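Architecture and fold: a report
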Amino acid sequence: MTQPSAPAIRNPVLPGSHPDPSAVVVDGWVYVATSTFEWSPGVRIHRSRDLVRWDPLGGALGADRLLRLEGTPDSGGVWAPSLTWADGLFHLVYSNVSTYAGGFTDCPNLLTTAAAPIGPWSDPVPLHSRGFDPSLFHDGPDSWLLNLVHDWRPGHGGSAGLEAVRYDRTARRLTGDPVRIQLPPRAGWIEGPNLLRRGPWYYLTTADGGTGWEHRVTVARSRHLTGPYVTDPAGPLLTSLHDPDLPLQKAGHGSLFTMPDGRTWIAYLAARPVGRRGPCILGRETAIAPVEWTDDGWPRVPGGRPAITVPVGHDQVRSTAEDTALTPALPPAEDDDFDAPNLGPQWSTLRRHAAPDWLSLTERPSHLRIRGGRSPQSLIGPSLVARRVPAPWSTFEADIEFRPLGFQHLAGVTLYYNTRNWHFLHITADDTGQAVLHRATCDRGVTTVDEDGGLPLPDTDTAPISLALDLQGPLLRTRVRLEGTWQEFGQPLDATVVSDEHAEDIDAGGLRTLGFTGAFFGLWVWDLTGSALPADFHRARTLVTV
């Protein structure tokens, strides 16, 4: 008799934009929190018992009292959350970055707690704004907040190292003065600090080498929390730096955790480029790797490289040539008929929380009504409901009813990165009032519209029009269904416009725009008259096609 194969972890375990994972194990569950930037609800949380199947729990910060995102720059907002457990409570520390250009980083750090990961979360406690990537470490009755110290001064490299300051869990405030952590010599720019205590040693895990191809996870240890620390002589715990042919690149920003069976694992971010170190359209995703401990007390990932498949027993890890031919497990098709009273956990909204003043799931049963918002360049009041693109080959379809009154009314589906990079297949009206289908593209802030290629449409407020986006690696194809028949609309578009690499913008004055968020499929409604004309979406479907 053939024995059933053992389940295996298929990386990335959280596909699509889920960077900067922070992992904690509570009551047999591992919970992972990830960055959300300008998207609401802030801080997505997933959980798993077996590291194979992951349940989305939605976002933690979905109200103004927890997070305000109006005016947030592209790739600002929530950076690198830290999720920990102490005193019967989840502790969530997060930054809300309002500025990062020109050498400055304004990053108020806050802390909120909850007895359950779905909340309710307490009113946030302000911590400090001394630097980003804060993490909370509980050492018995004591707690410490760690963070990078940002140095704004020209010529100082942006970082003054790492520091730690005590946090009083009872008083819910920082106490005492920050203490600089004594790092190994020539540590350079390091960020994403996380601490783990094992026996007499404190293990400091950091993200080194930036967030690109040279990204890596480094481990150092000390017998004292503030150091001095010594780096593992074997080199990085995990990196794809020296192997550009691995399907998972940019591996870094790790969080160590221990499962109930005593085995140690690491959650880390990685990206799947289109081609050999090509554009990363999906952004940075969360992956998992096993960690083994040497006889002299160092944690090691077998092979030191990211792997697509990891046996749960982690007796071996596939890599290199075997990985190249493999793809992550394909999720089933995801259909949302909008029958629930609230948005599902897969959905996010841009720069404002889901609220009845601009969207509703109850005004018209089995429909999502979105009232038209401001222009795509506005950092306040957009009307975009979106979900992370789950795979390099995937499809997004939606049924829409919308009657535009003029060319300032637009509604449709988008492949979106940020205010400066997106594709938009939309219904609008021409100068005669005829409803037409058009495509618009914004490429690094330059917007173009195929005005000569518009398709006249029937009455779009009495019968739904189906629109579709087909992401096929570096290409985006667009379709429309009329009278029950799908037809391709227009020539293929360049999907790499919505990649991390394309979105990053650096000029002679320094950094202007970061590329942190990855691409989203979305339902987008504009009303440039300010009258909030609504569009109704009856169904949205996401399907991984390869």
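Only a predicted model underlies this, so the values are computations on that prediction, with no experimental measurement involved.

Each helix and strand counted, the protein chain has two helices and 43 strands in total. By the compact-globule yardstick of 24 Å for 546 residues, the protein chain fits well, its C-alpha radius of gyration being 23 Å. Based on the C-alpha atoms only, the size of the protein chain along its principal axes is roughly 75 × 60 × 45 Å. Buried positions account for 58% of the 546 residues belonging to the protein chain. Here the contacts in the protein chain between residues at least 6 apart in sequence split such that 58% fall between residues at least 24 apart. Of the roughly 21,500 Å² of accessible surface on the protein chain, 51% is carried by carbon and sulfur atoms. In the protein chain, which carries 47 positive and 61 negative side-chain charges, the distance between the mean positions of the two groups comes to 5 Å.

Scanning all chains against the criterion turns up 22 aromatic pairs. Each ring, one from Trp79 and one from Phe516, has its centre 5.6 Å from the other, and the planes form 70°; the classification is edge-to-face. In this pair, Trp79 sits in strand S7 (residues 77–86) while Phe516 sits in the loop between strand S41 (510–513) and strand S42 (520–527), placing the two residues 437 residues apart along the sequence. Assigned by exposure class, Trp79 and Phe516 land together as buried. Measuring from centroid to centroid gives 5.3 Å for Tyr416 and Trp524, while their planes differ by 85°, and the two rings are edge-to-face. On the criterion of sequence distance, the pair formed by Tyr416 in strand S31 (residues 409–418) and Trp524 in strand S42 is long-range, its members being 108 residues apart. Classification of Trp524 as buried rests on a relative accessible area of 1%.

Along the chain, Gln346 falls in the loop between strand S25 (334–336) and strand S26 (348–350). The buried category is assigned to Gln346, whose relative accessible area is 15%. When residues no more than four places from it in sequence are discounted, the contact partners of Gln346 are Arg44, Glu334, Asp336, Ala386 and Arg387.

What follows is about the sheet that holds strand S6 (residues 55–61). Within the open sheet, the four strands sit side by side as S2-S3-S5-S6. Their pairing is antiparallel. With one partner strand each, in any of the chains shown, strand S2 (22–26) and S6 form the two edges of the open sheet. On average, each strand axis in the sheet is inclined to that of its neighbour by 25°, with strand direction left out of account. For strand S5 (residues 42–48) and S6, the ladder comprises four bridges, and the chain directions are antiparallel. When the sheet's bridge partners are listed, Arg44 is paired in S6 with Gly59.

Between Ser40 and Pro41 the backbone carries a cis peptide bond, its omega angle lying at -5°. Its location among the elements puts Pro41 in the loop between strand S4 (39–40) and S5. Here the residue pair Gly227 and Pro228 is connected by a cis peptide bond, since its omega of 10° sits within 30 degrees of zero. At Arg351, a position not held by glycine, the phi torsion is positive, near 60°. Relative to the helices and strands, Arg351 is located in the loop between S26 and strand S27 (359–360).

A few words on the pairing of strand S15 (residues 190–198). Most of S15 sits out of view: seven of its nine residues are buried. In this structure, S15 lies alongside strand S16 (residues 201–208), joined through seven bridges in antiparallel fashion. Bridge pairing in S16 links Arg198 to Trp201. Where S15 folds back on S16, the antiparallel hairpin that results is connected by two residues, among which Gly199 adopts a positive phi of roughly 65°.

Next up on the list: the environment of Asn421. Residue position: Asn421 is located in strand S32 (residues 421–429). A residue is classified by how much of its surface remains accessible, and Asn421, at 0% relative accessible area, is buried. With 65 residues separating them along the chain, Asn421 and Trp486 place their C-alpha atoms 27 Å apart. Among residues more than four places away in sequence, those in contact with Asn421 are Tyr416, Cys442, Asp443, Arg444, Val497, Val498, His502 and Ala503. Separated by 3.0 Å, the side chain of Asn421 and the backbone nitrogen of Arg444 make a polar contact.

Before going further, it helps to spend a moment on the nonpolar core. Membership of the largest hydrophobic core comes to 45 residues, with the highest contact counts inside it found for Leu368, Ile400, Leu415, Leu437, Leu523 and Phe537. In contact with Phe537, not counting residues within four places along its chain, are Phe338, Ser366, His367, Leu368, Ile370, Ala398, Asp399, Ile400, Gly412, Leu523, Trp524 and Val525. Within the second largest apolar cluster, 22 residues are counted, among which are Phe137, Leu146, Ala164 and Ile181.

So, on to the pattern of salt bridges. Applying the stated criterion to the full structure yields 34 salt bridges. Where Glu70 meets Arg68, a salt bridge forms, and the shortest distance between an N and an O atom there is 3.1 Å. Classification of Arg68 as partly exposed rests on a relative accessible area of 47%. A salt bridge links Lys250 to Glu501; its shortest N-O distance comes to 2.5 Å. Note that Lys250 is positioned in strand S20 (residues 249–258) and Glu501 in helix H2 (residues 500–503), a separation of 251 residues in sequence. For Lys250, a relative accessible area of 6% gives the class buried. Residues participating in the shared-partner salt-bridge network are Asp335, Glu397, Asp399, Asp470, Arg479, Arg481, Arg539 and Arg541.

If you walk across this open sheet you meet the four strands as S7-S8-S9-S10, and the pairing is antiparallel. If you trace the sheet from one side to the other, it starts and ends with S7 and strand S10 (125–126), each paired once.

On to the confidence of the model for the protein chain, then. Across the protein chain, the average pLDDT comes to 93, with 94% of residues at or above 70. The low-confidence segment residues 314–330 (pLDDT under 50) makes 39 contacts with residues lying over four places distant or belonging to another chain.

The side-chain alternation of strand S28 (residues 368–371) yields one buried face, formed by Leu368 and Ile370, and one unburied face, formed by Arg369 and Arg371. Two strands pair when backbone bridges link them, and S27 and S28 are joined in this way by two bridges, in the antiparallel orientation. Within S28, the position partnered with Leu359 by the bridge is Ile370. With four bridges connecting them, S28 and strand S43 (residues 534–544) associate as antiparallel partners.

Reading the values: the criteria
Residues numbered from 1 in each chain as written. Predicted model: local features only at pLDDT ≥ 70, side-chain atom pairs only at ≥ 80, totals over all residues. Heavy atoms only, no water. Helix = DSSP H or I, 4+ residues; strand = E, 2+ residues; numbered from the N terminus. Rg over C-alpha atoms; globule rule 2.2 N^0.38 Å. Buried < 20%, exposed > 50% of the residue type's maximum accessible area, 1.4 Å probe, protein only. Contact = heavy atoms within 4.5 Å. Areas by Shrake-Rupley, 256 points an atom, 1.4 Å probe, with all protein chains shown as cover. Lys, Arg positive; Asp, Glu negative; His and termini not counted. Charge placed at Lys NZ, Arg CZ, Asp CG, Glu CD. Phe/Tyr/Trp six-rings, centres within 6.5 Å; stacked < 30°, edge-to-face > 60°. Pairing = 2+ DSSP bridges. Axes fitted to C-alpha atoms, helices over the stretch in contact; angles between N-to-C directions. Polar contact = N/O pair within 3.5 Å; in protein donor to acceptor, adjacent residues only side chain to side chain. Core = buried A, V, L, I, M, F, W, Y, C linked by side-chain atoms within 4.5 Å. Salt bridge = Lys/Arg side-chain N within 4 Å of Asp/Glu carboxyl O. pLDDT = per-residue confidence, 0-100.

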